[in-house]
Amino acid sequence: MARDARGGAVAGRKSAVQLAALAAAGIFALIGVLGFIPGITTGYDEMTFAGHHSEAKLLGVFQVSILHNILHLGSGLLGLLMARNVAGARLFLAGGGALYLGLWLYGFVINRESAANFIPLNDAVNWLHLVLGFGMLALGLLLSNHLGTGSRLDTPFDRP
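The structure contained in this document is the topic of the report that follows. (Residues numbered from 1 in each chain as written. Predicted model: local features only at pLDDT ≥ 70, side-chain atom pairs only at ≥ 80, totals over all residues. Heavy atoms only, no water.)

### Comments concerning the packing of helix 2 (residues 66-82) against helix 3 (residues 86-109)
Thinking step 1. Here helix 2 crosses helix 3 at 150 degrees, and the two axes come no closer than 8 Å. By the angle between their axes, helix 2 is roughly antiparallel relative to helix 3. Only Gly88, Ala89, Leu91, Phe92 and Tyr100 of helix 3 make contact with helix 2, whose side of the interface consists of His72, Ser75, Gly79 and Met82.
Thinking step 2. Within the contact of helix 2 with helix 3, the residues separate by chemical class into 5 nonpolar, 4 polar and no charged. (Axes fitted to C-alpha atoms, helices over the stretch in contact; angles between N-to-C directions. Helix = DSSP H or I, 4+ residues; strand = E, 2+ residues; numbered from the N terminus. Parallel < 35°, antiparallel > 145°, perpendicular 65-115°, else oblique. Contact = heavy atoms within 4.5 Å. Nonpolar A, V, L, I, M, F, W, Y, C, P; charged D, E, K, R; others polar.)

Next comes the structure, spelled out in structure tokens:
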């Protein structure tokens, strides 16, 4: 496989982990934008900046606020920037996955009717955070550096 002078992938071609990070980042950005569109977000007129009092729900299920939507947009932008190289893409996916797993646990520990629920979190959001956390963590840890579809995993036996 061709490498650049620093030993990285050839410029212009993305590794599987970079493609996964770009896809995740795109999804976060899309979710952030959709959270601001009335109709796609029900109860839009009852959206608050932050807190559990926001009655807005993305797709009528996932409780959102202005802060929640901004965090998704920020995650998407961060992922797009970090996916420019393999190390950044892995960090975005694995670190973001760990963060979302922590957020999932946080959603179970807090009293959702208190000020601690500032994002806001409901059951649907909390379970989505579990799926996102495991999915991102797995992608960040398991995808190889190989170019293309990433159909095989990088194991110690693959290294010269």
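### Here's the deal with helix 4 (residues 123-142)
Thinking step 1. Counted at 1.5 Å a residue, the expected span for helix 4 with its 20 residues is 28 Å, and the 29 Å between its end C-alpha atoms agrees.
Thinking step 2. Buried residues in helix 4 make contact with helix 1 (16-34), strand 3 (62-63), helix 2 and helix 3. (Expected span 1.5 Å × (residues − 1).)

### Remarks on the sheet that holds strand 2 (residues 57-58)
By definition, the strands of a sheet pair up through backbone hydrogen bonds, in either a parallel or an antiparallel sense.
Thinking step 1. Spatially, 1-2-3 is the arrangement adopted by the 3 strands of the open sheet, whose pairing is antiparallel. The open sheet is flanked by strand 1 (41-42) and strand 3, the only strands paired with a single partner.
Thinking step 2. Two strands pair when backbone bridges link them, and strand 1 and strand 2 are joined in this way by 2 bridges, in the antiparallel orientation. Note on strand 2: the bridge partner recorded for Thr41 is Leu58. (Pairing = 2+ DSSP bridges.)

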